[in-house]
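Residue-level structural notes
Here are the chains, one letter per residue:
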Amino acid sequence: MLEVKNIKKKFGSQEVLKGVDLTVNKGDVVAILGPSGSGKTTLLRCMNFLESADSGIMTFDGEIYDLGRISKKDMGKIRRKTAFVFQSYNLFRNKTALQNVTEGLIVARKIPKAQAEETGKRALDKVGMSDRYDYYPSQLSGGQQQRVAIARALAADPEIIYFDEPTSALDPELTGEVLAVMRQLAREGRTMLVVTHEMNFAENVSSKVIFMENGMVVEAAESREFFKAPKEERTKAFLKIIRGEDYE
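Since the structure is predicted, the reported quantities are computational estimates derived from the model, not experimental observations.

Looking now at the environment of V4. Assignment of secondary structure puts V4 in strand β1 (residues 2-11). Sequence separation between V4 and D66 is 62 residues, and the spatial gap between their C-alpha atoms is 9.9 Å. Excluding anything up to four places from it in sequence, V4 contacts V20, D21, L22, M47, I57 and M58.

Below is the structure:
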């Protein structure tokens, strides 16, 4: 469904991505783990063209793109099949929950307002926000705002949803309500790439784990294998710090 090879990205003289490869199949939930500064978020942003990769090859739905020279037309074509959920929600403060969900449908996709509102309400219902259509972001908790952001992503009916640390700004109780929505999406077979520090989610919900450090993939494996029997010493050290477990 989606494959990227040898993605590279520099900010000035700093090489943030040093040739990253990643393969995503339909229905995969891929957790991307790693210490701060490892390039996780930059990878996600380059894959959705929020940042421009310096080089790399992307294969998406059978078509091949050179990320160093991709056209705006092709970027738009790919982005219409994807959605991005930010850690800081990125909601319009002057619009209601429903308006935040429908704005992109009406403006970017030219969907009639009545149809967009019907789609938006279904998406908000799905994330448990059926009683908050007319609430503004300032009237919602952080967890509710993030659920609106997820509804906005779902309303576009994307083939892949990218999540950039969707719970990092939330306290534990609100984190739980957002992760519950994501677990439900995983059960429904949604394809998701999730940059996260939530080890429980990575182990029990994701199907694959990618561990990154210093702009490179250190280890990639099925989730059960990754947590039960990591192969790389750096992965073992990371998991020992996070989980307090020793690996042979």
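Turning next to the nonpolar core. Counting residues in hydrophobic clusters, the biggest one holds 37 residues, and the most contacted among them are L124, V148, I150, F163, M182 and M192. Listing elements by their share of this core, those giving two or more residues are β6 (82-85), α3 (97-107), α4 (113-126), α5 (142-155), β7 (160-164), α6 (172-187) and β8 (191-195). Non-local contacts of M182, meaning those with residues more than four positions away in its chain, are made with I150, F163, P166, M192, V194 and F201. Ranked by size, the runner-up nonpolar core spans 29 residues in total, among them L44, F60, Y65 and I160.

One full turn of an α-helix is made of 3.6 residues, so residues set three or four places apart face in the same direction. For α3, the full list of buried residues reads A97, L98, N100, V101, T102 and L105. Buried-residue contacts for α3 involve α4 and α5.

Taken as a whole and judged by the stated rule, the model has four aromatic pairs. Measuring from centroid to centroid gives 4.6 Å for F211 and F238, while their planes differ by 40°, and the two rings are tilted. Placement of the pair is F211 in strand β9 (residues 208-213) and F238 in helix α9 (residues 233-243), with a sequence separation of 27 residues. This pair shows no difference in class: F211 is buried, exactly as F238 is. When the centroid spacing of 5.1 Å and the interplanar angle of 80° are considered together, the rings of F226 and F227 count as edge-to-face. This pair shows no difference in class: F226 is buried, exactly as F227 is. An aromatic cluster is defined as three or more aromatic residues linked by ring pairs; in this entry it consists of F84, F86 and Y162. Over the ring of Y135 we find R132; its NZ or CZ atom is 4.6 Å from the centre of that ring.

The subject of this paragraph is the pattern of salt bridges. Within this structure, the stated rule accounts for 14 salt bridges. A salt bridge links R132 to D131, with the nearest nitrogen and oxygen atoms 2.8 Å apart. Salt-bridge contacts for E177 lead to R147; the nearest nitrogen and oxygen are separated by 3.0 Å. Of the two residues, E177 sits in helix α6 while R147 sits in helix α5, which places them 30 residues apart along the sequence.

Attention now moves to the sheet that holds β7. Pairing between the strands of a sheet comes from backbone hydrogen bonds, and it takes one of two forms, parallel or antiparallel. Pairing is mixed in the open sheet, where six strands are placed in the order β6-β7-β8-β3-β9-β10. What marks the edges here is a single partner per strand, and that holds for β6 and β10 (216-222). With strand direction ignored, the average angle separating the axes of adjacent strands in the sheet is 15°. Bridge analysis of strand β3 (residues 29-33) against β9 gives four bridges, and the strand direction is parallel. Bridging from a neighbouring strand, V30 pairs with K208 of β9.

The rules behind each value
Residues numbered from 1 in each chain as written. Predicted model: local features only at pLDDT ≥ 70, side-chain atom pairs only at ≥ 80, totals over all residues. Heavy atoms only, no water. Helix = DSSP H or I, 4+ residues; strand = E, 2+ residues; numbered from the N terminus. Contact = heavy atoms within 4.5 Å. Core = buried A, V, L, I, M, F, W, Y, C linked by side-chain atoms within 4.5 Å. Buried < 20%, exposed > 50% of the residue type's maximum accessible area, 1.4 Å probe, protein only. Phe/Tyr/Trp six-rings, centres within 6.5 Å; stacked < 30°, edge-to-face > 60°. Lys NZ or Arg CZ within 6 Å of the ring centre and 35° of its normal. Salt bridge = Lys/Arg side-chain N within 4 Å of Asp/Glu carboxyl O. Pairing = 2+ DSSP bridges. Axes fitted to C-alpha atoms, helices over the stretch in contact; angles between N-to-C directions.

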